[in-house]
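Observations on the three-dimensional arrangement
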Amino acid sequence: MDFLTQIAFASDAVLLASTGGLFWVVAALCAFMERRRSRARSVDRLERVGFMPWTTLFVLCAIIGGGMLAMSLPVVLGNL
């Protein structure tokens, strides 16, 4: 319960930094999945699965997360 209380009373900069970090975790997951997809596999198997734009999702999540972290950086570093 203490963790939820800390989140409820956190400043906007801390929430922005936490969300930015979460976006980077999602970006890392997308990069891992793209690497896994691009391994040498038969084209027939890839066509059955379909198309998932892992690279596009990686770039979008990395840019959004980096922007959030950059915006919250002065306040978060000032509190250290």
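Computed from a prediction, not measured in an experiment: that's the story for all the values here.

Some thoughts on the environment of Ser72
For Ser72, a relative accessible area of 1% puts it in the buried group. Taking the C-alpha atoms as reference, Ser72 lies 9.0 Å from Gly20; in sequence the two are 52 residues apart. Dropping the residues within four chain positions of it, Ser72 is found in contact with Ala13, Leu16 and Ala17.

A look at the UniProt feature "transmembrane region" (unreviewed entry) in the protein
In the numbering used here, UniProt assigns the feature "transmembrane region" (unreviewed entry) to residues 13-33 and 54-77. In residues 13-33, the share of helix is 100% and the share of strand is 0%. The end C-alpha atoms are 30 Å apart. As annotated, residues 54-77 has a helix share of 100% and a strand share of 0%, and its two end C-alpha atoms lie 32 Å apart.

As for the side chain of Glu34
Position of Glu34 among the secondary structure elements: in helix H2 (residues 12-37). We classify Glu34 as buried; its relative accessible area is 17%. Excluding its chain neighbours within four sequence positions, the residues that come into contact with Glu34 are Trp54 and Thr55.

Quick look at the environment of Ala28
Summarising the element assignment, Ala28 is placed in helix H2. The exposure class assigned to Ala28 is partly exposed, which follows from its relative accessible area of 48%. Spatially, the C-alpha atoms of Ala28 and Ala62 are 8.3 Å apart, while their sequence positions differ by 34 residues.

With respect to the environment of Ser18
Mapped onto the elements of the fold, Ser18 is located in helix H2. Sequence spacing of Ser18 and Ser72 is 54 residues, and the spatial spacing of their C-alpha atoms is 9.4 Å.

Observations concerning the state of the cysteines
Under the criterion given, the structure shown has 0 disulfides. The cysteine Cys30 is free of any disulfide, with Cys61 supplying the nearest cysteine sulfur at 5.1 Å. Of the residues examined, Cys30 reaches a relative accessible area of 4% and is grouped as buried.

Here's the deal with a nonpolar patch on the surface
On the surface, Phe3, Leu4, Ile7 and Leu15 cluster together to form a nonpolar patch covering roughly 390 Å² of accessible area. With 3 residues, the single largest contributor to the nonpolar patch is helix H1 (residues 2-8). Structurally, the position occupied by Phe3 is in helix H1.

Calculation criteria
Residues numbered from 1 in each chain as written. Predicted model: local features only at pLDDT ≥ 70, side-chain atom pairs only at ≥ 80, totals over all residues. Heavy atoms only, no water. Buried < 20%, exposed > 50% of the residue type's maximum accessible area, 1.4 Å probe, protein only. Contact = heavy atoms within 4.5 Å. UniProt positions renumbered as here; feature names shortened; annotations may be inferred. Helix = DSSP H or I, 4+ residues; strand = E, 2+ residues; numbered from the N terminus. Disulfide = S-S within 2.5 Å. Patch = residues over 30% accessible without salt bridge, like charges linked within 9 Å, V, L, I, M, F, W, Y side chains within 5 Å. Areas by Shrake-Rupley, 256 points an atom, 1.4 Å probe, with all protein chains shown as cover. Salt bridge = Lys/Arg side-chain N within 4 Å of Asp/Glu carboxyl O.

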